[in-house]
Amino acid sequence: MAQAMRRHSSVSLLATDGKTHPLQDTLMAVTLVLGALAFISAMFHNLHLLSSWAGLIGIATGAYGQFISATTRERFLLIIGLGASAVGFFLGMAHGGLFGGVLG
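Predicted model only: the values in this text are computed from it and were never measured.

> Honestly, the overall build of the protein chain in this entry has me stumped. Any pointers?
Of the regular secondary structure elements, the protein chain holds 3 helices and 0 strands. Ordered by position from N to C terminus, the α and β elements of the protein chain give α-α-α. Within the protein chain, buried positions represent 35% of all 104 residues. Summarising the internal contacts of the protein chain: among those between residues at least 6 apart in sequence, 79% fall at separations of at least 24. Total accessible area on the protein chain is roughly 6700 Å²; 72% of this is exposed by carbon and sulfur atoms.

This is the structure:
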């Protein structure tokens, strides 16, 4: 009965297993930062190299993070980062691509 009455920390925010996940949290943070960078830099046509590469790396880290994620919080924030990375990547590709103007 005492185990059923234990208190959950409000800091965990959907991290329901009560364990720490340093690798998953790092991948989640990297994906969110790269997604924000790709999304914001995609609004400027001359930053297509930055947005396309940041988006591509954000998609890769987010996909691996989804593969090894353990909690709902991680999955939720990874999807937000993946979406922003994908939008930044696709807009960067439309504005010039990964190597636009550098290779040929």
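The discussion continues.
> What am I meant to see in the environment of phenylalanine 39 here?
By the secondary structure assignment, phenylalanine 39 is in helix H1 (residues 22-41). With relative accessibility at 36%, the residue phenylalanine 39 sits in the partly exposed group. Through-space distance from the C-alpha of phenylalanine 39 to that of glycine 88 is 4.2 Å; in sequence the pair is 49 residues apart. Excluding anything up to four places from it in sequence, phenylalanine 39 contacts Ala84, Val87 and Gly88.

Each value, and the rule that gives it
Counting from 1, residues in each chain are numbered in the order their sequence is written. The predicted origin of the model limits local features to residues at a pLDDT of at least 70 and limits the giving and counting of side-chain atom pairs to 80 or more, whereas totals for whole chains, interfaces and linings rest on all residues. Heavy atoms from the whole structure form the basis of all side-chain values; hydrogens and water molecules are not counted. In this description a helix means any DSSP run of H or I spanning at least four residues, a strand means any run of E spanning at least two, and both kinds are numbered starting from the N terminus. For the exposure calls, accessible area comes from a 1.4 Å probe over protein chains only, and a residue counts as buried if that area is under 20% of its type's maximum, exposed if over 50%, partly exposed in between. Contacts between residues were defined by any pair of non-hydrogen atoms, one from each residue, lying within 4.5 Å. Per-residue and other accessible areas were derived by the Shrake-Rupley procedure at a 1.4 Å probe size, with only the shown protein chains allowed to occlude residues.

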